[in-house]
Amino acid sequence: MRLTLVFILSLNILSQTIILKPKSYLDVETGELITADIEIKNGVITKIGNNLSNNNAEIISLKDKVLLPGLIDTHVHLIGNNQLNGYESLSESSYLATLYGVLNAKKTLLAGFTTVRNVGAANYADVALKTAINRGIVLGPRMYVSGPPLGITGGHCDNNLLPHESSVPNQGIVDSPWEARKKVRTNRKFGADLIKFCATGGVMSKNTDVNAKQFTFEEMKAIVDEAHNNGMKVAAHAHGLEGIKAALNAGVDSIEHASFIDEETILLAIENNAYLSMDIYVSDYILGEGVKKGVLEESLNKERVVGKTQRQNFKKAVKLGANITFGTDAGIFDHGDNGKQFVYMVEWGMSPLEAVQAATINAAKLIGDESIGRILIGNKADFIGLDQNPLNSINILEEVPFVMKEGKIVKSE
Ligand code: ARG
């Protein structure tokens, strides 16, 4: 009994200091590979330097690995069984959706994504999942969550599948500036970190037009004002140009999708220091798997136009120097496949370094947590380890062999 206690105590002391000895690490700011060891105490990077040693430290040799900061995806939907589409999605209880969230969180973390922004979930299931992860009950990425997304009656953030007599509006539906303010306050009260709202129609929703603006400018202003007043960031789902412009003028922090953005509006986003979160992989999944997976015909038709245009506009945004974050919409496609988007970002105009920066430095800035996204003393010990420099072959980010979150190894070959 006593022996066990001594053993546990000493393990505890040992586990507090770790020294990682990688082949090198990638400075994601400059793109340089740096040869150094990294000391970690209580989940935080405490030293970076050559030949670090410490008698009490646990030494972890990663001599064939290049380390990067843990990856960040700023647009995921962890809650729910992602195999359910269209009318089938109505059959899932919130309880079951949350349990799928547990599975999805694990898949995401094991794919190297140590932080995510979850943009939209009913019943604050995202808050529950985040809490369980923070308490160590469930294995998953650090989560920043929005709770129910705000939207107008009949809009993309509503549920338009059922006839009037059996239809219940989604939880974030508001139809005036004051209703919007109240919903922001309610979401904050129940644990949301950020606010998501729908500024246009969408692809996956029934009977919405991707080009139609949703919410008046006054409503958008009210949402942003109330959220910013509470220190919360605002993410606006917007495909069509009018909705994108209105959301930017209302002061949002990010435009999700940004499919029909034009050059003038890209410049407006830059001027406002707003981020573009363009999910340019998902289109191939929707068009490739959609029929089999029960995606509505209406959605497939919209996607045929949206996907192509979005990629062309992504290229323009890159050229003009927009702030671009890495947001994938995982949940439409399988969780854990988030890394597939890197290749697309490079194919559509980014350098490999820019693509890595989108999922590290830029994503951290958008979230407002600069203790992640870079390997620096004082930052969280979130790492992925790769067999090669990803700047030479970006596709290796699709299969990450080593993952550490806050000083704990969660995956190792
Ligand atoms: N959640 C988005 C929507 O339904 C997905 C858009 C996917 N398509 C795309 N090309 N990014 O509108």
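Note: the structure precedes this text.
The numbers attached to residues start from 1 for each chain and follow its sequence in the written order. Confidence filtering applies because this is a predicted model: local features only for residues at pLDDT of at least 70, side-chain atom pairs given and counted only at 80 or more, and all residues used for totals across whole chains, interfaces and linings. Note: side-chain values were computed over all heavy atoms of the structure, leaving out hydrogens and water.

Provide a residue-level description of the overall build of the chain, including the pertinent values.
A run of H or I in DSSP becomes a helix once it reaches four residues, and a run of E becomes a strand once it reaches two; helices and strands are each numbered from the N terminus. A tally of helices and strands in the chain yields eleven helices and 16 strands. C-alpha atoms define the radius of gyration in this analysis, and the globule rule sets the expected value at 2.2 Å times the number of residues to the power 0.38. Rg of the C-alpha trace for the chain: 21 Å, near the compact-globule value of 22 Å for 413 residues, within the 12% margin. Considering only C-alpha atoms, the chain reaches an extent of 65 × 50 × 45 Å along its principal axes. Counting over 413 residues, the chain shows a buried share of 57%. Counted over contacts in the chain with a minimum sequence separation of 6, partners at least 24 positions apart contribute 69%. Relative accessibility under 20% of the residue-type maximum defines a buried residue, over 50% an exposed one, and the middle range a partly exposed one, all with a 1.4 Å probe and only protein chains included. We call two residues contacting when some pair of their heavy atoms lies within 4.5 Å.

Explain unusual backbone geometry to me, using residue names and the numbers behind them.
Within the chain, Asn123 stands out as a residue other than glycine whose phi angle is a positive 55 degrees. Mapped onto the fold, Asn123 is located in the loop between strand S7 (113-118) and helix H3 (125-134). Of note, the phi angle at Asn273 is positive, near 60 degrees, even though the residue is not glycine. Take Asn273: it is sitting in the loop between helix H7 (263-271) and strand S12 (275-277).

Please set out the packing of aromatic side chains residue by residue, giving values where relevant.
Here is the rule: rings of Phe, Tyr and Trp (six-membered ring for Trp) pair when centre to centre is within 6.5 Å. Planes less than 30 degrees apart are stacked, more than 60 are edge-to-face, and the remainder are tilted. On inspection of all chains with the given rule, the structure shows seven aromatic pairs. With 4.9 Å between their ring centres and 75 degrees between their planes, Tyr281 and Phe333 make a pair best called edge-to-face. Here Phe333 lies in the loop between strand S13 (323-325) and helix H10 (341-347) and Tyr281 lies in the loop between S12 and helix H8 (282-289), a separation of 52 residues in the sequence. Taking relative accessible area as the criterion, Tyr281 reaches 7% and is therefore assigned buried.

Mind laying out the site of the ligand, listing which residues take part and the relevant values?
Any residue with a non-hydrogen atom lying within 4 Å of a molecule or strand is treated as near it. As a matter of local geometry, the ligand sits amid 16 residues, with Val203, Met204, His239, Asp279 and Glu303 nearest to it. Counted as a polar contact is a pair of N or O atoms within 3.5 Å, where, for protein atoms, one must be capable of donating a hydrogen and the other of accepting one, and residues adjacent in sequence contribute only when both atoms are in side chains. The side chain of Glu303 places a nitrogen or oxygen atom 2.6 Å from a nitrogen atom of the ligand. Within the side chain of Asp329, an N or O atom sits 2.9 Å from a nitrogen atom of the ligand. Contact with the protein chains hides 96% of the accessible area of the ligand, taken as 340 Å² for the molecule alone. Those elements that place two or more of their residues in the shell around the ligand are H8 and helix H9 (297-319). Surface exposure here means Shrake-Rupley accessible area, sampled with a 1.4 Å probe, where a residue is shielded only by the protein chains that are shown.

Give me the layout of surface pockets: which residues, what numbers.
A 1.4 Å probe that fits but cannot get out identifies a cavity on a 1 Å grid over protein atoms alone, an open set with protein on both sides within 12 Å along at least five of seven lines counts as a pocket, and a residue lines either if it has an atom within 4 Å of a point. Grid points are joined across faces, edges and corners, and a volume is the space filled by probe spheres set on the points. The space that makes up the second largest pocket amounts to roughly 540 Å³. Considering the residues around the second largest pocket, the lining is formed by 23 residues, among which Lys405, Glu406, Gly407, Lys408 and Ile409 are closest to the centre. Looking at the lining of the second largest pocket, the elements that each hand over two or more residues are helix H1 (2-16), strand S3 (37-41), strand S5 (58-69), H3 and strand S16 (408-411). In this classification, the charged set is Asp, Glu, Lys and Arg, the nonpolar set is Ala, Val, Leu, Ile, Met, Phe, Trp, Tyr, Cys and Pro, and all remaining amino acids, among them Gly, are polar. By residue class, the composition of the lining of the second largest pocket is nine nonpolar, nine polar and five charged.

Please set out the nonpolar core residue by residue, giving values where relevant.
Among buried residues, those of type Ala, Val, Leu, Ile, Met, Phe, Trp, Tyr and Cys that are joined through side-chain atoms within 4.5 Å constitute a nonpolar core. The biggest cluster of nonpolar side chains holds 90 residues, and the ones touching the most others in it are Phe197 and Ile255. Non-local contacts of Phe197, meaning those with residues more than four positions away in its chain, are made with Leu150, Cys157, Phe215, Met220, Ile223, Val234, Ala235, Ala236, His237, Ala247 and Val252. Ala36, Ile60, Ile375 and Met404 belong to the second largest nonpolar core, which has 15 residues in total.

Residue-level account of the sheet that holds strand S6 (residues 71-76), with values.
At least two bridges found by DSSP between two strands are what make those strands a pair. Ordered in space as S6-S7-S8, the three strands form an open sheet in which the pairing is parallel. If you trace the sheet from one side to the other, it starts and ends with S6 and strand S8 (142-145), each paired once. Put simply, the sheet's adjacent strands are angled 15 degrees from each other on average, direction ignored. Here S6 pairs with S7 via four bridges, running parallel. Looking at the pairing, Leu71 lines up with Phe113 of S7. Here an axis means a line fitted to C-alpha atoms, over the contact stretch when the element is a helix, while the angle between two N-to-C directions is reported on a 0 to 180 degree scale. Of the strands in this sheet, S7 and S8 are in contact with H3, which crosses S8 at around 155 degrees. Contacting S6, S7 and S8, helix H11 (residues 352-367) crosses the sheet at an angle of about 55 degrees to S6.

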